[in-house]
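Listed below, chain by chain, are the residues.
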Amino acid sequence: MEIITFLFILTSVVIIMTPGQDMILVMSRSIAQGQKAGIVTALGVSVGLMGHTILATLGLGALLMASEWLFNIIKYIGAGYLIYLGYQLLTSKSHKLAIKDLDKVSYKKMFMQGAISNISNPKITIFYFSYLPQFIVPNGGSEAFQLFILGTTFAVITFFLKSPIGFIAGLLSTWIKARPMVLNYINKTSGVILVALGLKLALSEKS
């Protein structure tokens, strides 16, 4: 169980640190309105992830316990999606971080933007449905409860990683822009991890 927990935390950190929609929103907001704005936006993103956690717990938990047939369907869909995401990162030719110019808004509104941007993204729902089941421990209790703990942990890690990134966004964005191959390295490393996770999921069996 300790190995599975360590693997979950390690891969979660890598995935969260991969530049994407949420990361760019946090950095953009920080650059536009200061360091506190980045932290508030990161909090909104993490709250949005809790919405996906609840969806995965209620929907996926029921499916996983229902039957072998349903388990295999969601397993192969999830595996295929992870491999697809990994392939996109491995073949990406973009070496730039597209920081956006945002208008100034209240902290309440930027929090809501972070949460809505995350929870309204269907790709994150699919990602949760495909990623979290790989770390369910056989005979470790309720699968739905394990999914909830995993999803909550991912959301908490997201906040504690994205907050400092938002805090130093100006410095970080300048550093990455000056070193375009850094983003390429992040993409390739994350792509390999996602493909490996997809293959692992495809070969897994229902406990």
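Since the model is a prediction, treat every value here as computed from it, not as a measurement.

Undergrad: Just checking my understanding: could you explain the overall build of the protein for this structure?
TA: Each helix and strand in the protein was counted, giving nine helices and zero strands. In the protein, buried positions account for 43% of the 207 residues. Within the protein, contacts between residues at least 6 apart in sequence are counted, and of these 88% link residues at least 24 apart. Within the structure as shown, the protein displays about 10800 Å² of accessible surface, and the carbon and sulfur contribution to it stands at 72%.

Undergrad: I would appreciate a short explanation of the environment of Ile165 in the present structure.
TA: Examined against the element boundaries, Ile165 turns out to sit in helix H7 (residues 143-167). Looking at Ile165, the relative accessible area reads 7%, which means it is buried. Along the backbone, Ile165 and Gly38 are 127 residues apart, and their C-alpha atoms lie at a distance of 7.8 Å.

Undergrad: Please clarify how helix H1 (residues 2-17) should be interpreted in this entry.
TA: Note that an α-helix has 3.6 residues per turn; residues three or four places apart therefore point the same way. Here H1 is 16 residues long and its end C-alpha atoms lie 23 Å apart, about the 22 Å a rise of 1.5 Å per residue gives. Here H1 has its buried residues at Phe8, Thr11, Ser12, Ile15 and Ile16. Down the axis of H1, the buried side of the element spans an arc of 130°, and every buried residue falls inside it. Residues of H1 that are exposed and point over 90 degrees away from its buried face: Glu2, Ile3 and Phe6.

Procedures and definitions
- Counting restarts for each chain, with residues numbered from 1 along the sequence as it is written.
- For this predicted model, a pLDDT threshold of at least 70 governs which residues receive local features, and a threshold of 80 or more governs which side-chain atom pairs are given and counted, while totals over whole chains, interfaces and linings are taken from all residues.
- Side-chain figures throughout are based on the complete set of non-hydrogen atoms in the structure, without hydrogens or water.
- Only runs of H or I of at least four residues qualify as helices and only runs of E of at least two qualify as strands under DSSP, and these elements are numbered from the N terminus.
- With a 1.4 Å probe rolled over the protein chains alone, any residue whose accessible area is under 20% of its type maximum counts as buried; one over 50% counts as exposed, and the rest are partly exposed.
- Residue contacts follow a heavy-atom distance rule, with two residues in contact if any of their heavy atoms lie within 4.5 Å.
- The Shrake-Rupley method, run with a 1.4 Å probe sphere, supplies the accessible areas, and residue values consider only the shown protein chains as cover.
- Residue count minus one, scaled by 1.5 Å, sets the expected span of a helix.
- The arc in question is formed by the directions pointing from the helix axis toward the C-beta atoms.

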